Amino acid sequence: MSFPYKGVRCRERVKLKPTPANLKRAERHRAAIMDAIDKGTFDYLVTFPDSPRGKEFARVPGDALTIKHYLTQWLDDQKNQLKASTYDDYKKSVNNILIPAFGHLKLTDLKRKHIKAWGKGLTCSNKRIANILSPLRSALDEAVEDEVIDQNPLQGWTYSRKEEPKEDHVDPFNREEQNAILNALNGQGRNLIQFAFWSGLRTSELVALRWGDVDWIKGVVRVRRAQTQAAEDDETTKTNAGRRDVKLLDPALAALTTQKAWTFLAGEHVFHNPRTNEPWEGDQPIRKTLWTPALKKAGVAYRNPYQTRHTYASMMLSSGEHPMWVAKQMGHADWTMIARRYGKWMPDADPECGNRAVGLYAQPEDQQKKNKGNSQ
């Protein structure tokens, strides 16, 4: 089929046998194309979606690209720019969810209505949906910057459904449970878990800790890196605030001192897998080979290893430590997260609450009035 379009002679193959009937169909098809061209409604890529020529007439490059093609290329470009754990999460979302759901659409055809229709069939939380859409949002932002599309349908909009409010799953171990767990362990395993309880480090940070990060003079450990299951090498901490100095409380210091007998001379990773005497490869081996058996032996109800971090926070706050200090120890930028997640462990029933400030700052006559009132 031959026809002129925008000053160019175009030829497209029609997949029909050259019978008299099909030739007439082709003639009618061509006549419809010419009519659409005259009216200014002809869309080359809609009429011939697989045509290489169609890309030349695309209004923007995104008219000629499917979401599958663009996301695949974008993800490949991100491999050396993202942390390994982030790239791994993006890859799973793109290949397992986003491409199956939207990959057939042209890049310029994706609308919010497609996201809404897809979201209705999900049962996961809004947070999980946001995480799934995160690589799509970033990829479309880049497509706008590169003038591949005019606008990102996700810009300034987040898909969400009404859901019941959920409390953060914080279930710290009490003193008896901690003792039972530690008594179920020995050697390097006990040192690791005792240090976890009394430092508040994330599991990924514990795995990456090196002896060079320990400042014995100042009594702190410098948290600068993390090791996740997806990464071959250490990565930076989860956030900028995660780069921090953590005070070595006595139980944590004791765990490190005992651990020196096992790995100090090697001068590298502090904690090793007792089964292999090699550095831990991530949190999964800890959970499967050390943590879960210890809880079973101790007769303690199972909670994941991250609860050691929650345990640290609850111990500090229930003992009256300042929330901002606790936030800095745990690597939070401010203490709003501490207040929201661990608020119920902050003491508020202390009969002396407020009186310390009165004693330090109140004017003498105010104190006299109070004493007079008490005497009456």
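Residues numbered from 1 in each chain as written. Predicted model: local features only at pLDDT ≥ 70, side-chain atom pairs only at ≥ 80, totals over all residues. Heavy atoms only, no water.

### Thoughts on the pairing of strand S2 (residues 8-11)
Reasoning step 1: Taken together, the 4 bridges between strand S1 (residues 2-5) and S2 define a ladder with antiparallel strand orientation. Bridged to Ser2 within S2 is Arg11.
Reasoning step 2: The turn linking S1 back onto S2 is made up of 2 residues, and Lys6 within it adopts a positive phi angle of 55°. (Pairing = 2+ DSSP bridges. Helix = DSSP H or I, 4+ residues; strand = E, 2+ residues; numbered from the N terminus.)

### Brief notes about empty space enclosed by the protein
Take a probe with the size of a water molecule and roll it over the atoms, and the empty space left behind shows itself.
Reasoning step 1: Taken as a whole and assessed by the stated rule, the structure comprises 1 cavity of 30 Å³ or more.
Reasoning step 2: Taken together, Leu192, Ile193, Ala196, Thr203, Leu206, Ile286, Trp291, Pro305 and Thr308 make up the lining of the largest cavity.
Reasoning step 3: Of all the elements in the fold, those that place two or more residues in the lining of the largest cavity are helix H8 (187-199), helix H9 (203-208) and helix H11 (283-298).
Reasoning step 4: Of the residues forming the lining of the largest cavity, the biggest block, 3 residues, is contributed by H8.
Reasoning step 5: Of the residues that constitute the lining of the largest cavity, the class distribution is 7 nonpolar, 2 polar and no charged. (1 Å grid on protein atoms, 1.4 Å probe; cavity = no way out; pocket = protein on both sides within 12 Å on 5 of 7 lines; lining within 4 Å. Points joined across faces, edges and corners; volume = space filled by probe spheres on them. Nonpolar A, V, L, I, M, F, W, Y, C, P; charged D, E, K, R; others polar.)

### Notes on the packing of aromatic side chains
Reasoning step 1: This model, assessed by the stated rule, comprises 8 aromatic pairs.
Reasoning step 2: Both rings, one in Phe173 and one in Phe197, keep their centres 5.9 Å apart while their planes meet at 75°; by these two values the pair is edge-to-face. Highlighted residues: Phe173 in the loop between helix H6 (126-145) and helix H7 (175-183) and Phe197 in helix H8, separated in sequence by 24 residues. There is no split in this pair, since Phe173 and Phe197 are both buried.
Reasoning step 3: Pairing Phe173 with Trp291 gives two aromatic rings, centres 5.7 Å apart and planes at 75°, and the pair type is edge-to-face. With Phe173 in the loop between H6 and H7 and Trp291 in helix H11, this pair connects stretches of sequence that are 118 residues apart.
Reasoning step 4: Residue classification places Phe173 among the buried positions, given a relative accessible area of 3%.
Reasoning step 5: Classification of Trp291 as buried rests on a relative accessible area of 1%.
Reasoning step 6: An aromatic cluster is defined as three or more aromatic residues linked by ring pairs; in this entry it consists of Phe173, Phe197 and Trp291. (Phe/Tyr/Trp six-rings, centres within 6.5 Å; stacked < 30°, edge-to-face > 60°. Buried < 20%, exposed > 50% of the residue type's maximum accessible area, 1.4 Å probe, protein only.)

### Description of the sheet that holds strand S7 (residues 244-247)
Reasoning step 1: Taken in spatial order, the 3 strands of this open sheet run S3-S4-S7, and their pairing is antiparallel. A single partner strand is all that each edge strand has here, and the edge strands are strand S3 (214-215) and S7.
Reasoning step 2: Where S3 lies against strand S4 (residues 220-223), 2 bridges are found, and the strand directions are antiparallel. By the bridge assignment for S4, Asp215 is matched with Val220.

### Some words on the nonpolar core
Reasoning step 1: Among the nonpolar cores identified, the biggest contains 31 residues, and Ile181, Leu192, Ile193, Phe195, Val221, Leu256 and Phe271 are the most heavily contacted of them.
Reasoning step 2: Where this core is concerned, the elements lending two or more residues are H7, H8, H9, S4, helix H10 (250-263) and H11. (Core = buried A, V, L, I, M, F, W, Y, C linked by side-chain atoms within 4.5 Å.)

### Concerning the confidence of the model for the protein chain
Reasoning step 1: Per-residue confidence for the protein chain averages 83 on the pLDDT scale, and 82% of its residues sit at or above 70.
Reasoning step 2: A low-confidence stretch, residues 229-237 stays under pLDDT 50, and its non-local contacts, those more than four residues away or across chains, total 35 contacts. (pLDDT = per-residue confidence, 0-100. Contact = heavy atoms within 4.5 Å.)

### Considering the pattern of salt bridges
Reasoning step 1: Across all of its chains, the model carries 11 salt bridges by this definition.
Reasoning step 2: Between Asp171 and Arg303 there is a salt bridge whose closest N-O contact spans 3.3 Å. Of this pair, Asp171 sits in the loop between H6 and H7 while Arg303 sits in the loop between H11 and helix H12 (307-318); the two residues are 132 residues apart in sequence, bridging distant segments of the chain.
Reasoning step 3: One salt bridge connects Arg224 with Asp245, and the closest N-O pair in it is separated by 3.2 Å. Of this pair, Arg224 sits in the loop between S4 and strand S5 (225-226) while Asp245 sits in strand S7; the two residues are 21 residues apart in sequence, bridging distant segments of the chain.
Reasoning step 4: Exposure remark for Asp245: the relative accessible area of 34% places this residue in the partly exposed category.
Reasoning step 5: Ionic contacts of the salt-bridge type, sharing partners, join the residues Asp215, Arg222, Arg224 and Asp245 into one network. (Salt bridge = Lys/Arg side-chain N within 4 Å of Asp/Glu carboxyl O.)

### Here's the deal with H10
Quick reminder: α-helices carry 3.6 residues per turn. Residues three or four places apart thus point the same way.
Reasoning step 1: Counted at 1.5 Å a residue, the expected span for H10 with its 14 residues is 20 Å, and the 20 Å between its end C-alpha atoms agrees.
Reasoning step 2: Taken residue by residue, H10 has Ala252, Ala255, Leu256, Gln259 and Thr263 as its buried positions.
Reasoning step 3: Looking at the buried residues of H10, the elements they touch are H8, S3, S4 and strand S8 (272-273). (Expected span 1.5 Å × (residues − 1).)

### Remarks on a nonpolar patch on the surface
Reasoning step 1: On the surface, Trp216, Leu253, Phe264 and Leu265 cluster together into a nonpolar patch covering about 400 Å² of accessible area.
Reasoning step 2: Mapping Trp216 onto the fold places it in the loop between S3 and S4. (Patch = residues over 30% accessible without salt bridge, like charges linked within 9 Å, V, L, I, M, F, W, Y side chains within 5 Å. Areas by Shrake-Rupley, 256 points an atom, 1.4 Å probe, with all protein chains shown as cover.)

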